[in-house]
Amino acid sequence: MFPPRPLLWHSIRSYATGPSRSRLGATVSLDHFLLRARALSLYRTIVRSTRRINDPTTRAETLRFVRGEFERHRAVTDTGHIRYLLSTGKTEWESMERYIEGL
């Protein structure tokens, strides 16, 4: 018979064979991944476009508003709602861009 193994061996063994946990959190679907890329792209486009606003106060206020809107909807997980938010955000920004170009 084999002698009993020490408690340390058991904890090392359970660590090595325990359930795998991603250090990044829960994985997302491909659809969520693609929507996240679209959201980041829209955000970057808006940030780049705000450079054309001449008044620094207005530019800062616009950036603050945009960041606040993205942060406010950060926890949305429903893909339909995310698509709606992206579509609405893009439309609103395009209308704002036409206003900025007219200044």
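Refer to the preceding data block for the structure.
Computed from a predicted model, the values in this text were never measured in an experiment.

(A) Quick peek at the environment of valine 66. With respect to the helices and strands, the residue valine 66 is situated in helix α3 (residues 56–72). Judged by its relative accessible area of 8%, valine 66 is buried. When sequence neighbours within four positions are dropped, the list of residues in contact with valine 66 reads Tyr43 and Ile46.

(B) Molecular detail of the side chain of threonine 50. Along the chain, threonine 50 turns up in the loop between α2 (30–49) and α3. Threonine 50 has contacts with Arg59, Thr62, Leu63 and Trp93, leaving out every residue within four places of it along the chain.

(C) Representation of the side chain of serine 49. With respect to the element layout, serine 49 can be found in helix α2. Apart from the residues lying within four places of it in its own chain, the contact partners of serine 49 are Trp93 and Glu97.

(D) Helix α4 (residues 79–102), seen in detail. A rise of 1.5 Å per residue sets the reference length of α4, with its 24 residues, at 34 Å; its end C-alpha atoms lie 35 Å apart and thus fit the reference within 8%. Every buried residue belonging to α4 is among Ile82, Leu86, Trp93, Glu97 and Ile100, and all of these are buried.

(E) Fine view of α2. Between its first and last C-alpha atoms α2 spans 29 Å; for 20 residues at 1.5 Å apiece the expected length is 28 Å, and the two agree. Among all positions of α2, only Leu35, Ala39, Leu42, Ile46 and Ser49 are buried. One side of α2 holds all its buried residues, which, seen down the axis, span an arc of 95°. Opposite the packed face of α2, turned more than 90 degrees from it, sit the exposed residues Leu30, Phe33 and Arg36. Of the surrounding secondary structure, the elements contacted by the buried residues of α2 are α3 and α4.

(F) Up close: the layout of surface pockets. The calculated volume of the largest pocket comes to roughly 1,200 Å³. Around the largest pocket sit 32 residues that line it, and Ala39, Glu69, Phe70, Glu71 and His73 are the ones nearest its centre. Put simply, the parts of the chain that give the lining of the largest pocket at least two residues each are α2, α3 and α4. In terms of residue count, the dominant contributor to the lining of the largest pocket is α4 (ten residues). Of the residues contributing to the lining of the largest pocket, the split by class is 18 nonpolar, seven polar and seven charged.

Reading guide: rules and limits
- Residues numbered from 1 in each chain as written.
- Predicted model: local features only at pLDDT ≥ 70, side-chain atom pairs only at ≥ 80, totals over all residues.
- Heavy atoms only, no water.
- Helix = DSSP H or I, 4+ residues; strand = E, 2+ residues; numbered from the N terminus.
- Buried < 20%, exposed > 50% of the residue type's maximum accessible area, 1.4 Å probe, protein only.
- Contact = heavy atoms within 4.5 Å.
- Expected span 1.5 Å × (residues − 1).
- Arc of directions from axis to C-beta.
- 1 Å grid on protein atoms, 1.4 Å probe; cavity = no way out; pocket = protein on both sides within 12 Å on 5 of 7 lines; lining within 4 Å.
- Points joined across faces, edges and corners; volume = space filled by probe spheres on them.
- Nonpolar A, V, L, I, M, F, W, Y, C, P; charged D, E, K, R; others polar.

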